[in-house]
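Coordinate analysis (summary)
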Number of protein chains: 2
Amino acid sequence: MNSHATLGILGGMGPAAGIDLCRKIVDQHPASRDQDHIPFILYSVPQIPDRTEALLHDGASPLDGMLDGVHALEQSGAGCIAIACNTAHAWLDALRHRTRLPVLDVVEAVASELSACVAPGAPIGLMATEGTHHANVYRPRLEALGYRFVQAAEPLAHQALVNEGIRLTKAGDVRRGGEALAMAMEQLLAAGAQRVILGCTEIPVALATCETPLGRFGLDASAALARACIAWSLAHEPPAHA
Amino acid sequence: MNSHATLGILGGMGPAAGIDLCRKIVDQHPASRDQDHIPFILYSVPQIPDRTEALLHDGASPLDGMLDGVHALEQSGAGCIAIACNTAHAWLDALRHRTRLPVLDVVEAVASELSACVAPGAPIGLMATEGTHHANVYRPRLEALGYRFVQAAEPLAHQALVNEGIRLTKAGDVRRGGEALAMAMEQLLAAGAQRVILGCTEIPVALATCETPLGRFGLDASAALARACIAWSLAHEPPAHA
């Protein structure tokens, strides 16, 4: 019955970010009737331990919780996995070793879109959790492609602002979160970034609530992952029983 | 690890409506960190045949497609099912006979909230698909509680406006859908309705995009179902392995 293969979205990290990825998949694949939309299953069990706590402070590992989600998605008929959390990509290889399904990669999705809007060698910025920075999710791979990462003039104060913006957003105070994140983005643009990767799924959710003129300088990693999800679904056959 | 039981959301009918229900669950249960949010799994495989087509024009039944979703949610660890489509509630009893999980009921959720805002005997309106009207999803049960349904002055033209609003929303033209639905709501209020049940999951999605002063006269069935979902999750234990 399905003409597209079903996506498995590993969400809940946090819940708003998983929902945002699903909304972007629906919005970016316009359809005139329900039946033409991309099928997906969103696993949003946010009791997975905090990723940054695990990476920076030796907190409980989120891997088992993520694997529970991956296995639930496998059993539900998903044909691939997309992880709606940039920091969780620190465990991408570990997940890939423990599932028979392909796992999409947000860094690959971002790299492919970055090449369409700035030249290799261009100065770029990255807004992300401390966990994503610490685990080198983005930097080595994009530097290998020739991009150069700029830092804000006051890196510690900058990261504190990003952390606070993400924390407020996760706690539901999305408007104040957006204000903090817009200020943080401005600092990276002032430092010369031609594009700023919005490399935490909460960031585009929050920035969308404040009318910032900076929006066009951001590269929304969630939107890039959503487009990779759509491309995967359209390129693959649904399972035989569907 | 979980402190709450996991909800299974049967979505995809349409995809925006399922996502909207999840968003309302997250927004209406504020939490200061990811781990305190309600866990849920959203099954959004929109290839389920159209519900109104099945009810009115002898189209393919959506029951098998819905059962696929229910069984996938069962296997993924969901502890109950909520159906993010009012028209699909025409198959509520059939679904309840085919699953061991409790299935929440949008009509019960609406009835419980209606009693808090209008007196029994009050005139109310219902905006819904022709399928929901035809299958008597709401009317007999709310009339049994003493409510009186008013009709728009020109019922055929009114339903055509509702249909067009829902169709535009499903096709992604949410703004024009919202304008049509706001006009339709005004017709029911002009006919004396004290509250209008927004009894199709697309309707609140669309109305939210147009700044209508009528909003406070609407009773959003999705929001009522979201609150019933939260109450269920908080009242139930997670499975032992979680």
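Residues numbered from 1 in each chain as written. Chains lettered and ligands numbered in written order. Predicted model: local features only at pLDDT ≥ 70, side-chain atom pairs only at ≥ 80, totals over all residues. Heavy atoms only, no water.

The name recorded for chain A in an unreviewed UniProt entry is Aspartate racemase, from Pandoraea communis. The annotation that UniProt attaches to chain A under Sequence similarities (unreviewed entry) is "Belongs to the aspartate/glutamate racemases family." (UniProt positions renumbered as here; feature names shortened; annotations may be inferred.)

After a rotation of 180° and a shift along the axis of 0.0 Å, chain B superposes on chain A with an RMSD of 0.0 Å. Classification of the inter-copy transformation places it as that of a two-fold axis. Taking C-alpha positions as reference, the residue of chain B nearest the rotation axis is L42 of chain B, located at 2.5 Å. Looking at the interface residues of chain B, 100% of them are also at the interface in chain A, so both copies use one shared face. (Least-squares fit on C-alpha atoms with pLDDT ≥ 70 in both. Contact = heavy atoms within 4.5 Å.)

All names here are of chain A. Tracing the chain through its elements places T129 in the loop between β4 (123-127) and α6 (130-134). One polar contact links T129 to T87, side chain to side chain, over a distance of 2.7 Å. Leave out the neighbours within four places in its chain, and T129 touches T52, T87, Q159, I166 and C200. (Helix = DSSP H or I, 4+ residues; strand = E, 2+ residues; numbered from the N terminus. Polar contact = N/O pair within 3.5 Å; in protein donor to acceptor, adjacent residues only side chain to side chain.)

What follows deals with the pairing of strand β1 (residues 7-10) of chain A. All names here are of chain A. Going residue by residue along β1, you find L7 and I9 tucked away on one face and G8 and L10 tucked away on the opposite face as well. Direction of pairing for β1 relative to strand β2 (residues 40-44): parallel, over a ladder of 4 bridges. Bridge assignment links I9 to a residue of β2, and that residue is L42. Viewed along the sheet, the connection from β1 through helix α1 (residues 15-27) into β2 turns out right-handed. (Buried < 20%, exposed > 50% of the residue type's maximum accessible area, 1.4 Å probe, protein only. Pairing = 2+ DSSP bridges. Right-handed = clockwise from strand over helix to strand, strands pointing away.)

Okay, helix α1 (residues 15-28) of chain B next. All names here are of chain B. With 14 residues, α1 ought to run about 20 Å at 1.5 Å a step, and its terminal C-alpha atoms sit 20 Å apart, in line with that. For α1, the tally of buried residues reaches 10 of 14 residues, placing the bulk of the element in the interior. Here α1 has its buried residues at P15, A17, G18, I19, D20, L21, C22, K24, I25 and V26. (Expected span 1.5 Å × (residues − 1).)

What follows covers the packing of helix α8 (residues 155-170) of chain A against helix α9 (residues 174-190) of chain A. Residue and element names in this part refer to chain A. Interhelical geometry of α8 versus α9 gives an angle of 155° and a closest axis separation of 7 Å. Judged on the interaxial angle alone, α9 and α8 are roughly antiparallel. The two elements α8 and α9 cross, and the hand of that crossing is left-handed. Facing α8, whose interface residues are H158, L161, V162, G165, I166, L168 and T169, α9 presents V174, R176, G177, A180, L181, M183, A184, Q187 and L188. Counted by class, the contact of α8 with α9 contains 10 nonpolar, 5 polar and 1 charged residues. (Axes fitted to C-alpha atoms, helices over the stretch in contact; angles between N-to-C directions. Parallel < 35°, antiparallel > 145°, perpendicular 65-115°, else oblique. Left-handed = near helix turned anticlockwise from the far one by under 90°. Nonpolar A, V, L, I, M, F, W, Y, C, P; charged D, E, K, R; others polar.)

Another point: the nonpolar core. With 80 residues, the main nonpolar core has I9 and Y138 of chain A together with I9 and Y138 of chain B as its most contacted residues. Excluding residues that lie within four positions of it along the chain, I9 of chain B makes contacts with L21, C22, I25, F40, I41, L42, Y43, L73, A82, A84 and C229 of chain B. I81 and L101 of chain A together with Y43 and L63 of chain B belong to the second largest nonpolar core, which has 46 residues in total. (Core = buried A, V, L, I, M, F, W, Y, C linked by side-chain atoms within 4.5 Å.)

Residues and elements named next belong to chain A. Neither face of strand β3 (residues 80-83) is open: one carries C80 and A82, the other I81 and I83, and all of them are buried. Bridge count for β1 against β3 is 4 bridges, and the pairing is parallel. Among the inter-strand pairings, L7 is bridged to a residue of β3, identified as C80.

Our focus in this paragraph is the packing of helix α5 (residues 106-117) of chain B against helix α11 (residues 221-235) of chain B. Working note: a packed helix pair is described by the angle between its axes plus the distance between those axes. Residues and elements named next belong to chain B. Close contact between α5 and α11 brings their axes to 8 Å; oriented N to C, the two are set at 95°. Taken as axis vectors, α5 and α11 run roughly perpendicular relative to one another. Listed contacts from α11 to V106, A109, V110 and E113 of α5 are A221, A224, L225, R227 and A228. Partitioned by chemical class, the residues of the contact of α5 with α11 number 7 nonpolar, no polar and 2 charged.

All names here are of chain A. Along its sequence, chain A is organised into domain 1 (7-105 + 224-235) and domain 2 (107-221). Inter-centroid distance (C-alpha atoms) of domain 1 to domain 2 is 20 Å. Counting residues at the interface gives 21 residues for domain 1, matched by 24 residues for domain 2. Regarding the contact of domain 1 and domain 2, the summed buried area is about 1,700 Å², with carbon and sulfur atoms giving 50% of it. The largest share of the area that domain 1 buries against domain 2 comes from N86, D105 and A224, three residues that together contribute 37% of it. At the boundary of domain 1 with domain 2, the tally comes to 3 salt bridges. The partner of R141 in a salt bridge is D105, and the shortest N-O contact between them spans 2.8 Å. Where domain 1 packs against domain 2, one counts 17 residue pairs in polar contact (both at pLDDT 80 or more). Sorting the residues of the side of domain 1 that touches domain 2 by element identifies α1, α2 (51-57) and α11 (221-235) as the ones contributing at least two each. Looking at the side of domain 1 that touches domain 2 residue by residue, the classes come out as 11 nonpolar, 5 polar and 5 charged. (Domains from an automatic or database assignment. Buried area = accessible area lost by both parts, 1.4 Å probe. Salt bridge = Lys/Arg side-chain N within 4 Å of Asp/Glu carboxyl O.)

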